[in-house]
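Remarks on the overall topology
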Amino acid sequence: MNTNAVLRVQNFSKQFILQEQGVSIPSAHQVSFDVLERSLTALVGPTGAGKSSVLKGIFRTYLSTEGEILYRTQAGDVVDLATADEHRVIQLRRDEIGFVTQFLHFLPRQSTQDVVAQPLIKRGMNIDEARDKARSLLARMNLPERLWTLSPATFSGGEKQRVNLARGLVAKPRLLLLDEPTASLDPNTTELVVSLIEELKNEGVAMLAIFHQPELVERLADKSVTIQAPVSRQSKYNRELNLEKIA
């Protein structure tokens with residue numbers, strides 16, 4: 001494994017099985033790439049190609065169907081995230097791997113500043129110091145101070161996404177996964193996020209990202225990996241059935 005590579009994905013494939021129908025639906029097929037330190041790799045391709053499935057496979061929200069997901073830890077060990085035990089995966093999520101999804105998940109009635117501070121507290125940081133860092137980042141994200149002590153449950157989509165981004169960025173993970181992080185943001189806030197991403201790259205963070213705006217791929221990506229939409233086995237079955245009918 002390349003000494004500059006934080007992550008190596010080799011022949012990753014993911015299929016979803018519909019048990020009642022006996023149908024296998026491919027989501028990503030034979031995807032391979034490296035993610036390096038101080039760089040951002042962008043996943044590009046058509047809707048349905050499985051870009052988000054790749055990110056979720058790396059974070060182990062999904063179990064891969066095939067392939068290896070080799071992660072080099074801060075200590076220099078290489079862990080296959082596709083087969084690692086749950087305790088190891090949870091430890092790496094806490095200490096080294098961050099994921100900014102398209103949706104904000106949080107405990108009921110938890111204040112926004114504590115939602116953002118949570119990754120730092122889990123790493124053992126004093127709660128007051130963690131809240132200070134959270135508030136500083138929320139200020140940079142232009143979230144009004146009057147919202148910091150409130151739950152984000154009633155926030156707008158753009159406000160929730162700012163909280164989501166702040167939580168994902170605050171701990172400066174060694175590997176950061178980003179799934180359309182600017183999708184709900186206005187142009188000014190998008191520029192703030194771009195600036196933060198560039199800062200993290202300069203500080204050594206390795207990033208794997210999906211952007212819905214091609215111009216952000218052009219601006220931020222050091223490398224792009226194109227994922228092709230897989231041929232659905234069900235579609236193949238339907239075509240063969242139609243050919244039989246014609247014959």
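The structure under discussion appears in the preceding block.
The structure contained in this document is the topic of the report that follows. Along each chain, residue indices are assigned from 1 in the same order as the chain's sequence is written. It should be noted that, the model being predicted, local features are given only for residues of pLDDT at least 70 and side-chain atom pairs only at 80 or more, the latter also being counted only at that level, while totals for whole chains, interfaces and linings use all residues. Side-chain metrics in this entry use all non-hydrogen atoms of the structure; hydrogen atoms and water are not considered.

All right, on to the packing of helix α3 (residues 112-122) against helix α5 (residues 157-170) then. Each axis is a line fitted through C-alpha atoms, and for a helix only the stretch in contact is used; angles between axes span 0 to 180 degrees, taken between their N-to-C directions. Helix and strand definitions here come from DSSP, where helices need a minimum of 4 consecutive H or I residues and strands a minimum of 2 consecutive E residues; each element is numbered from the N-terminal end. Direction vectors running N to C along α3 and α5 enclose 25 degrees, while the axes themselves pass 7 Å from each other. Classified by the interaxial angle, the pair formed by α3 and α5 is roughly parallel. You can see that α3 and α5 cross each other, and the crossing is right-handed. Contacts between α3 and α5 involve Thr112, Val115, Val116, Gln118, Pro119 and Leu120 from the former and Val163, Ala166, Arg167 and Val170 from the latter. By residue class, the composition of the contact of α3 with α5 is 7 nonpolar, 2 polar and 1 charged. With respect to orientation, any angle under 35 degrees is reported as roughly parallel, any angle over 145 as roughly antiparallel, any angle of 65 to 115 as roughly perpendicular, and every other angle as oblique. A clockwise turn of the near helix away from the far one marks a right-handed crossing, whereas an anticlockwise turn of less than a right angle marks a left-handed crossing. Whether two residues are in contact is decided by their heavy atoms: any pair within 4.5 Å suffices. For this classification, Asp, Glu, Lys and Arg are treated as charged, while Ala, Val, Leu, Ile, Met, Phe, Trp, Tyr, Cys and Pro are nonpolar and the rest, including Gly, are polar.

Turning next to unusual backbone geometry. Positive phi, close to 55 degrees, is recorded for Arg38, a residue that is not glycine. Tracing the sequence through the fold places Arg38 in the loop between β2 (23-36) and β3 (40-44). Not every positive phi belongs to a glycine, and Asn142 is a case in point at roughly 60 degrees. Its place among the elements puts Asn142 in the loop between α4 (127-140) and α5. Overall, Asn142 belongs to the partly exposed group, its relative accessible area being 48%. Partly exposed residues are those whose accessible area sits between 20% and 50% of the maximum for their type, while under 20% is buried and over 50% is exposed, using a 1.4 Å probe and protein chains only.

Moving on, we come to the sheet that holds strand β1 (residues 5-18). Taken in spatial order, the 4 strands make up an open sheet running β2-β1-β4-β5, and their pairing is antiparallel. Each having just a single partner strand, β2 and β5 (78-80) make up the two edges of the open sheet. For this sheet, the mean inter-axis angle between neighbouring strands, taken without regard to orientation, is 20 degrees. Paired strands, as defined in this entry, are two strands with at least two bridges between them according to DSSP. The sheet contact formed by β1 and β2 spans 10 bridges and is antiparallel. If you follow Lys14 over to β2, its bridge partner there is Ala28. Taken strand by strand, helix α1 (residues 51-59) contacts β1, β2 and β4 (66-72), and its axis lies near 110 degrees from that of β1.

Burial of strand β6 (residues 97-100) is two-sided: the residues Ile97 and Phe99 facing one way and the residues Gly98 and Val100 facing the other way are all buried. With 4 bridges connecting them, β6 and strand β7 (residues 175-179) associate as parallel partners. Residue Gly98 lies in a different strand from β7, and its bridge partner there is Leu176.

A separate point is the packing of aromatic side chains. Working definition: rings of Phe, Tyr and Trp (its six-membered ring) pair if their centres are within 6.5 Å, and the pair is stacked with planes under 30 degrees apart, edge-to-face with planes over 60 apart, and tilted otherwise. Under the criterion given, the structure shown has 2 aromatic pairs. Aromatic side chains Phe16 and Tyr62 sit 5.2 Å apart centroid to centroid with 85 degrees between the ring planes, which places their arrangement in the edge-to-face category. Here Phe16, found in strand β1, pairs with Tyr62, found in the loop between α1 and β4; they are 46 residues apart in sequence, far enough to count as distant. By relative accessible area, which is 29% here, Phe16 ends up partly exposed. For Tyr62, a relative accessible area of 25% puts it in the partly exposed group. We call a charge positioned above a ring when the Lys NZ or Arg CZ atom is no farther than 6 Å from the ring centre and deviates by at most 35 degrees from the ring normal. Above the face of the Phe16 ring, Lys14 is positioned so that its terminal group lies 5.1 Å from the ring centre. The aromatic ring of Phe59 is capped on one face by Arg93, whose charged end is 4.4 Å from the ring centroid.

So, on to the pairing of β1. Two strands pair when backbone bridges link them, and β1 and β4 are joined in this way by 5 bridges, in the antiparallel orientation. Directly across from Arg8, in β4, lies its bridge partner Leu70.

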